[in-house]
Amino acid sequence: METDCTHHDSAAPEAETGETVPKSAPTPLPPGTRLLHIGPHKTGTTSIQSALFAAKDAMAGHGVDFPAHSRHPMEAALAVCARPGMMGDAKPTERHWQRLVDAVHATGRRTSVVSSEFFADAPDDEAIARIVDDLGRGQGRDQGRVHVLITLRPLAKIMPSQWQQYVQNGLRMGYEDWLEHMLRKAPYEKPNPSFWRRHRHDRLVERWVRVVGAENVTVVVVDDRDRDGLMRTFESLLGLPDGLLVPVPDTANRSLTLAETEMLRKLNREFRGNGLPDEVYSRMVRGGAVMHMKNACLPAPDDARITTPRWALEAAAGIGAEMAGRIAAMGVRVLGDPALLSVVPSVASAEETRTPRIDPEVAAHALYGALAVAAATPAYPPASVRSVHQTPSRELVRVLGHRVLKRLKRA
């Protein structure tokens, strides 16, 4: 295997494995449990959050509460984990976290479920202990009422999805260059230090086990071949009737195609190169152009895909095998097949790796989304965006010269 990942542990230690349940339905958690789903990212979190939120009234009839006030209590998780939030967004505050805690406490001794992938970003044991302690309080101080659920997918599936998500938050680095940094360039923290914090899954499980104990952690290995498998697992753990949770269509959550991602990545370069405020990016690019493009344009079957080179697939599979071995040795309950974490997918065909071309209709929808937000947004201060008349002539000459050179190169 071609890799230089010195930050990844070597072969997993031999130890007695935890309970592994590959097919049968898991035993329901005790009534009154507060189920805390911490993701991490790109493991089916949005689909399960949407299904839980849509079924909250029906679940309540079966003794299970969904106390969050929205589908995803992202601000609350970001606040308690001391995370700044998405580029250009307002920083979450303690008020967001306390609102969620109060809602959880209001469920009393009923079973409840809270889900946010940003809990996986908890920086240390102290932050994890606070999360568990705050949520576990209620009628009596009982930290054991919180049961942590961690969903996992193979790194080979996560890497392209996570890269395009980073691009949606301003990343300017191309996919293969990003893979080089994540897999081959120690200390593997640039440009996205959060990646291995989230996706070195054995260490993620280990951090939470240290605080809550192995008996209070369940790991679910998601099988993409079983599209409703995660729904059924949540139903079983929560003691809900089979079929109560159903997928909710959400085009806003779809991943970008390669062409869309490349268009956005190049826009990110221009955005950063011209020093525009992050707030403009949040409103007009992510909340305007990208959101409208996702909602208005469904990818075509022949759109170029984000493909991962074989060396990276093999490196990811090797890391996955290490992680599966270490997780099994921790004594946590594992649902699903851990072997999925170390499968090397087949390499994409030449047809799938062709040069991406953005559809003019897609570009038009993206532009309209930005314009629609701009039209509905109060004007920014003049210092934020300069007009041509406010720009020094020397800088105008430089910009125009740069554009002429680009056109000559195209010709």
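Everything that follows concerns the structure shown earlier in this document.
The paragraphs below set out a description of the structure included in this document. (Residues numbered from 1 in each chain as written. Predicted model: local features only at pLDDT ≥ 70, side-chain atom pairs only at ≥ 80, totals over all residues. Heavy atoms only, no water.)

Some words on the pairing of strand E2 (residues 34-37)
- The side-chain alternation of E2 yields two buried faces, one formed by Arg34 and Leu36 and the other by Leu35 and His37.
- Note that E2 and strand E4 (residues 111-115) share four bridges and pair parallel. In the sheet register, Leu35 faces E4, and the bridge partner there is Val113.
- Across four bridges, E2 lies against strand E5 (residues 146-152) in parallel orientation. (Buried < 20%, exposed > 50% of the residue type's maximum accessible area, 1.4 Å probe, protein only. Helix = DSSP H or I, 4+ residues; strand = E, 2+ residues; numbered from the N terminus. Pairing = 2+ DSSP bridges.)

With respect to the packing of aromatic side chains
- Taken as a whole and assessed by the stated rule, the structure comprises eight aromatic pairs.
- Taken together, a centroid distance of 6.1 Å and an interplanar angle of 55° make the contact between Tyr166 and Trp178 tilted. Remark: Trp178 occurs in helix H7 (residues 175-183) and Tyr166 occurs in helix H6 (residues 155-167); sequence separation between them is 12 residues. For the residue pair Tyr166 and Trp178, the accessibility class agrees, reading buried in each case.
- With 6.3 Å between their ring centres and 20° between their planes, Tyr175 and Trp178 make a pair best called stacked. (Phe/Tyr/Trp six-rings, centres within 6.5 Å; stacked < 30°, edge-to-face > 60°.)

What about the pattern of salt bridges?
- Going through the model one piece at a time under the given rule, you end up with 21 salt bridges.
- Between Glu262 and Arg265 there is a salt bridge, with its nearest N and O atoms 2.7 Å apart. Linking Glu262 with Arg265, this pair stays in helix H11 (residues 258-273), spanning three residues, or about one helical turn.
- The exposure class assigned to Glu262 is buried, which follows from its relative accessible area of 15%.
- Salt bridges sharing partners connect three or more residues here, namely Arg200, Asp202, Glu206, Glu322 and Arg326. (Salt bridge = Lys/Arg side-chain N within 4 Å of Asp/Glu carboxyl O.)

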